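Take a look at the letters that make up each chain.
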Amino acid sequence: MRMTRSQLAALIDHTQLGPDVSRAQIRRLCEEAVQYGFYAVCVNPCHVSLAKGLLKDSVVKVTTVVGFPHGANVPAAKAFEAKQAIADGADELDMVPNIAALKESDEGYVLSEIQAVREAARMSTQPVVLKVILETALLNDEQKIAGCKLAKAAGADFVKTSTGFAAGGATVEDVRLLRAAVGPRMGVKASGGIRDYATAVAMIEAGATRIGTSSGVQILEGAPS
C-alpha cells in the first residue's frame with residue numbers, strides 16, 4: 001500500500017502526553033496539526049481547553065485521555081474526568097480500563113467502567129468518540145479479545161493498542177487480532193512506538209483506522225513524495 005502524505009495525515013492523532021509537556025509544546029503541536037493536516041491532537045486533560053482554543057478555526061479535533069496511563073482510577077473518577085474533558089472541549093476520549101481487572105477476568109467491572117465513561121460522553125450536546133486502550137503488551141490474546149468484546153458491548157467507537165507507557169507498543173499482529181475481534185465497523189487505533197512511514201502504513205494494512213504517535217511530522221517527512 002502506498003499512501004500520500006495527506007491521506008496518512010488524515011489518520012493521525014498528533015500526540016503529546018508526557019508528564020512535563022509545556023504550554024509552548026502544546027501550541028507547537030497544534031500549529032503542526034494544522035500545517036500537516038493531522039486528524040487530531042491528543043493531549044493531557046489539563047491542556048484540552050488550550051488546544052481547543054488554538055484549534056477553534058480549524059477542522060482538527062481535540063483528543064484527551066481518561067484514567068491515563070495505568071487505568072487504576074475508580075470508575076466514578078473516570079466518569080468525572082470524562083465529563084470535565086468534554087466541558088473543556090474534548091471531541092474524543094481515549095480511556096484506559098482497569099487492566100488488572102481484565103487480566104483477572106472481572107468482565108463485569110471492566111464493562112461497567114467503560115459504560116460509565118460512555119454514558120458521560122453521551123451527555124454531550126455533540127457526538128464524542130470513545131476509544132478503549134487495551135494496553136496489549138500486558139495482555140495475552142484471550143484477554144485482548146475479551147477486552148475488545150467488552151469495549152464493543154459498552155458502545156465504544158474504537159479499541160486502541162497502547163498508552164505508550166508500557167514495555168511495548170503497537171504490533172502488526174495485535175492490530176490484526178483487534179480488527180478480527182471487533183469486526184469491520186468499529187475503529188482500531190494503533191499507538192505506541194510508531195515512528196516511521198513504513199510502520200504506520202503496515203498498521204493500516206493490518207486494519208488500523210487511526211494512528212496515535214508523537215512522531216507524526218517525522219512520519220510524513222519520510223513518506224514518498
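Computed from a prediction, not measured in an experiment: that's the story for all the values here.

*Asks:* Run through the overall build of the protein chain, naming residues and quoting values.
*Replies:* Helix and strand counts for the protein chain stand at 10 helices and 8 strands. The C-alpha radius of gyration of the protein chain comes to 16 Å, within 12% of the 17 Å expected for a compact globule of 225 residues. Along the three orthogonal principal directions, the C-alpha set of the protein chain runs to about 45 × 35 × 30 Å. Long-range pairs, those at least 24 residues apart, make up 68% of the contacts in the protein chain between residues at least 6 apart in sequence. Within the structure as shown, the protein chain displays about 9900 Å² of accessible surface, and the carbon and sulfur contribution to it stands at 52%. Looking at charge distribution, the protein chain has the averaged site of its 24 positive side-chain charges lying 5 Å from that of its 24 negative ones.

*Asks:* Go over the nonpolar core, please, and point to the residues and values.
*Replies:* Counting residues in each nonpolar core, the largest one holds 71 residues, and the members touching the most others are L8, V41, L93, V159 and M203. Among the elements that line this core, the one with the most residues is helix α9 (residues 197–206), at 6 residues. Apart from the residues within four sequence positions on either side, V41 is in contact with H14, L29, C30, A33, A51, L55, V60, K61, V62 and T63.

*Asks:* I'd like a rundown of the pairing of strand β2 (residues 40–43), residues and numbers included.
*Replies:* The side chains of a regular strand alternate between the sheet's two faces. Burial along β2 is two-sided: the face carrying A40 and C42 and the face carrying V41 and V43 are both buried. Taken together, strand β1 (residues 12–16), helix α2 (residues 23–36) and β2 constitute a β-α-β crossover, and its handedness is right-handed. Here β2 pairs with strand β3 (residues 61–66) via 4 bridges, running parallel. The partner of V43 across the bridge, within β3, is T64.

*Asks:* Requested: an account of the environment of G193, with residues and values cited.
*Replies:* Examined against the element boundaries, G193 turns out to sit in the loop between β7 (187–191) and α9. The class of G193 is partly exposed, set by a relative accessible area of 48%. Taking the C-alpha atoms as reference points, G193 and N140, separated by 53 residues in sequence, lie 19 Å from one another.

*Asks:* Describe unusual backbone geometry, and please don't skip the residues or the numbers.
*Replies:* Cis geometry marks the peptide bond from F68 to P69, where omega comes out at 0°. As for its placement among the helices and strands, P69 is situated in the loop between β3 and α4 (75–88). Backbone geometry places S105, a non-glycine residue, at a positive phi of 65°. By the secondary structure assignment, S105 is in the loop between α5 (99–103) and α6 (107–122). Of note, E135 is a non-glycine position whose phi angle comes to about 45°, a positive value. Inspection of the secondary structure puts E135 in the loop between β5 (129–133) and α7 (141–153).

*Asks:* Describe the packing of aromatic side chains, naming the residues involved and giving the relevant values.
*Replies:* The tally for this structure, following the rule as stated, stands at 2 aromatic pairs. With centroids separated by 5.9 Å and ring planes inclined at 25°, the aromatic side chains of Y36 and F38 adopt a geometry described as stacked. Judged by its relative accessible area of 22%, Y36 is partly exposed. A relative accessible area of 3% means that F38 is categorised as buried. Here the aromatic rings of F68 and F165 are separated by 5.3 Å at their centres, their planes lie at 90°, and the arrangement is edge-to-face. Taken together, the positions of F68 in the loop between β3 and α4 and F165 in the loop between β6 (158–160) and α8 (172–182) put the pair 97 residues apart, joining distant regions of the chain. One residue, K131, lies across the ring of F158, its end atom 5.7 Å from the ring centre.

*Asks:* Which residues make up the pattern of salt bridges, and what are the values?
*Replies:* Applying the stated criterion across every chain yields a total of 17 salt bridges. Across the pair R122 and E119 runs a salt bridge, and its minimum N-O distance is 3.9 Å. Linking R122 with E119, this pair stays in helix α6, spanning 3 residues, or about one helical turn. D174 is the partner of K144 in a salt bridge, and the nearest nitrogen-oxygen pair spans 2.7 Å.

*Asks:* With reference to specific residues and values, describe the environment of K52.
*Replies:* Inspection of the secondary structure assignment puts K52 in helix α3 (residues 48–54). C-alpha of K52 to C-alpha of E221: the two residues are 169 residues apart in sequence and 26 Å apart in space. Setting aside chain neighbours within four positions, we find K52 in contact with V62, D88, G89 and D91. At 3.4 Å, the side chain of K52 forms a polar contact with the backbone oxygen of G89.

About the criteria used
- Residues numbered from 1 in each chain as written.
- Predicted model: local features only at pLDDT ≥ 70, side-chain atom pairs only at ≥ 80, totals over all residues.
- Heavy atoms only, no water.
- Helix = DSSP H or I, 4+ residues; strand = E, 2+ residues; numbered from the N terminus.
- Rg over C-alpha atoms; globule rule 2.2 N^0.38 Å.
- Contact = heavy atoms within 4.5 Å.
- Areas by Shrake-Rupley, 256 points an atom, 1.4 Å probe, with all protein chains shown as cover.
- Lys, Arg positive; Asp, Glu negative; His and termini not counted.
- Charge placed at Lys NZ, Arg CZ, Asp CG, Glu CD.
- Core = buried A, V, L, I, M, F, W, Y, C linked by side-chain atoms within 4.5 Å.
- Buried < 20%, exposed > 50% of the residue type's maximum accessible area, 1.4 Å probe, protein only.
- Right-handed = clockwise from strand over helix to strand, strands pointing away.
- Pairing = 2+ DSSP bridges.
- Phe/Tyr/Trp six-rings, centres within 6.5 Å; stacked < 30°, edge-to-face > 60°.
- Lys NZ or Arg CZ within 6 Å of the ring centre and 35° of its normal.
- Salt bridge = Lys/Arg side-chain N within 4 Å of Asp/Glu carboxyl O.
- Polar contact = N/O pair within 3.5 Å; in protein donor to acceptor, adjacent residues only side chain to side chain.

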